[in-house]
Amino acid sequence: MSGLAPFVGGVTVRSMEEWLRAGLRRGDASQREAAHSTRKLTGMVDRVYVSIEASPRDTGCADMRHCQRALLYVLEPLSFASVYGCTNSIVMVGAVGGIALIEKCCQCTVIVAARGIQIRACENVTLFVWCNTPPIVCGKSRGIVFAPHNAHYDLLNTHLNVTQVSRDTNMWDRSILVDQECQSTLLPPEQFYARSIPFRDACGGAGTPIPSFPSLAALPPPPIYASALRAQREAANELKAFVRRAHLDADTEARVRQAIMKHYHSWLVET
């Protein structure tokens, strides 16, 4: 996966290299300039962290470092985001008007909408992204998997507007491999899924049920991935209808639900 489509039409290799270096420098500069307004999450182990900006007026930064087996939801409009040295964690970031940098991470899942994304020295990281420019993969990163953005929360549209992340351009599948040792692939459509956010933000209202299949209308996936989601939804509805038609007694229905949840938990651990 070369991702060279933006450079066709007479653009030289030298100009492409200069563009890549400029992108890397912008990421470093953004991190330094915004250090004073950075939300820092460091060394979280076996923890869940949730931050939701309900009335965004400006963008800040987020710096997540050395977290293990953590679930991090930073649902805010940001100018820069960094995920550094994390392992076996799931990180979801709202919208990033500059660079989202994922560096030295292993066995992680990252969900983010950003104008630019850089992956440095990572291993076995899956990224569900909406990206206005080609993602840059460098530092001998291996086992990198790209997929379309797969989550939604009530304030996502507002955060996209604040950060000026364009809804018209998604180059998630056009990554640029800076080093020959870098490896990346695309997630097969049959493995794509929509991630439900396990809480409601301030606009959702107390007690509002969380949908099992959230709408991805704000950042829609490509047609082949949308078809895979429809197939999953239909299969789930068929299973529910089968259980209803079976007229199970309360004890049997409880055992069926327990078996389904056990299978679901096994799937979570495996993935």
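Quick note: structure is the one above.
As the structure is a prediction and not an experimental result, all values here were calculated from the model.

(A) Up close: the overall build of the chain. Secondary structure summary: the chain contains four helices and eleven strands in total. Counting over 271 residues, the chain shows a buried share of 43%. Look at the contacts in the chain between residues 6 or more apart in sequence, and 46% of them connect residues 24 or more apart. Here the chain has roughly 14200 Å² of accessible surface; of this, 52% comes from carbon and sulfur atoms.

(B) Structural detail: the packing of aromatic side chains. Applying the stated criterion to the full structure yields four aromatic pairs. Both rings, one in F128 and one in Y193, keep their centres 5.5 Å apart while their planes meet at 65°; by these two values the pair is edge-to-face. Taken together, the residues F128 in strand 7 (residues 123-131) and Y193 in the loop between strand 11 (184-186) and helix 3 (223-246) connect sequence positions 65 residues apart. Each member of the pair, F128 together with Y193, is buried.

(C) Just helix 2 (residues 156-163), in detail. When helix 2 is considered as a whole, its buried residues turn out to be L156, H159, L160 and T163. Along the long axis of helix 2, the arc covered by the buried residues comes to 105°, so they all point the same way. On its buried face, helix 2 is in contact with strand 4 (71-84), strand 5 (90-103) and strand 6 (106-120). Looking one or two places after helix 2, you find Q164, whose phi comes out positive at around 60°.

(D) A look at the side chain of T163. Looking at where T163 falls in the secondary structure, it is placed in helix 2. For T163, a relative accessible area of 5% translates into the label buried. Within the local environment of T163, its side chain forms a polar contact with the backbone oxygen of L160, the two atoms lying 3.3 Å apart. Look past the residues within four positions of T163 in its chain and what remains in contact with it is T59, P77, L78, A95, V96, G97 and R115.

(E) Seen up close, the state of the cysteines. Following the criterion strictly, the structure yields zero disulfides and no others. Considering cysteine sulfurs only, C182 is the nearest to C138, which forms no disulfide, with 6.4 Å between them.

(F) The nonpolar core, seen in detail. Core analysis: the largest hydrophobic core is formed by 61 residues, its most contacted members being M64, V112, I117 and L127. Apart from the residues within four sequence positions on either side, M64 is in contact with L41, L72, V74, S82, V83, Y84, C86, V91 and V93.

(G) Quick look at the environment of G116. Summarising the element assignment, G116 is placed in strand 6. As for G116 and A100, which are separated by 16 residues in sequence, their C-alpha atoms are 6.3 Å apart. Non-local contacts of G116, meaning those with residues more than four positions away in its chain, are made with G98, I99, A100, C131 and T133.

(H) The pattern of salt bridges, seen in detail. This model, assessed by the stated rule, comprises three salt bridges. R69 is paired through a salt bridge with D46; the nearest N and O atoms lie 2.7 Å apart. With R69 in the loop between strand 3 (60-65) and strand 4 and D46 in the loop between strand 1 (38-42) and strand 2 (48-52), this pair connects stretches of sequence that are 23 residues apart. Note that R65 is salt-bridged to D63, the shortest N-O span being 2.9 Å.

(I) A look at a nonpolar patch on the surface. Among the surface-exposed residues, V48, V50 and L71 lie close enough to one another that they form a single nonpolar patch of about 220 Å² accessible area. Relative to the assigned elements, V48 resides in strand 2. The class of V48 is exposed, set by a relative accessible area of 55%.

(J) Region of interest: the environment of M64. Looking at the element boundaries, M64 is found in strand 3. M64 sits 24 residues away from K40 along the chain, and the two C-alpha atoms are 5.9 Å apart.

(K) Region of the structure containing the side chain of D63. Along the chain, D63 turns up in strand 3. Looking at D63, its side chain comes within polar contact range of the side chain of R65, at 2.9 Å. In contact with D63, not counting residues within four places along its chain, are T38, R39, K40, L41 and S82.

What counts as what
- Residues numbered from 1 in each chain as written.
- Predicted model: local features only at pLDDT ≥ 70, side-chain atom pairs only at ≥ 80, totals over all residues.
- Heavy atoms only, no water.
- Helix = DSSP H or I, 4+ residues; strand = E, 2+ residues; numbered from the N terminus.
- Buried < 20%, exposed > 50% of the residue type's maximum accessible area, 1.4 Å probe, protein only.
- Contact = heavy atoms within 4.5 Å.
- Areas by Shrake-Rupley, 256 points an atom, 1.4 Å probe, with all protein chains shown as cover.
- Phe/Tyr/Trp six-rings, centres within 6.5 Å; stacked < 30°, edge-to-face > 60°.
- Arc of directions from axis to C-beta.
- Polar contact = N/O pair within 3.5 Å; in protein donor to acceptor, adjacent residues only side chain to side chain.
- Disulfide = S-S within 2.5 Å.
- Core = buried A, V, L, I, M, F, W, Y, C linked by side-chain atoms within 4.5 Å.
- Salt bridge = Lys/Arg side-chain N within 4 Å of Asp/Glu carboxyl O.
- Patch = residues over 30% accessible without salt bridge, like charges linked within 9 Å, V, L, I, M, F, W, Y side chains within 5 Å.

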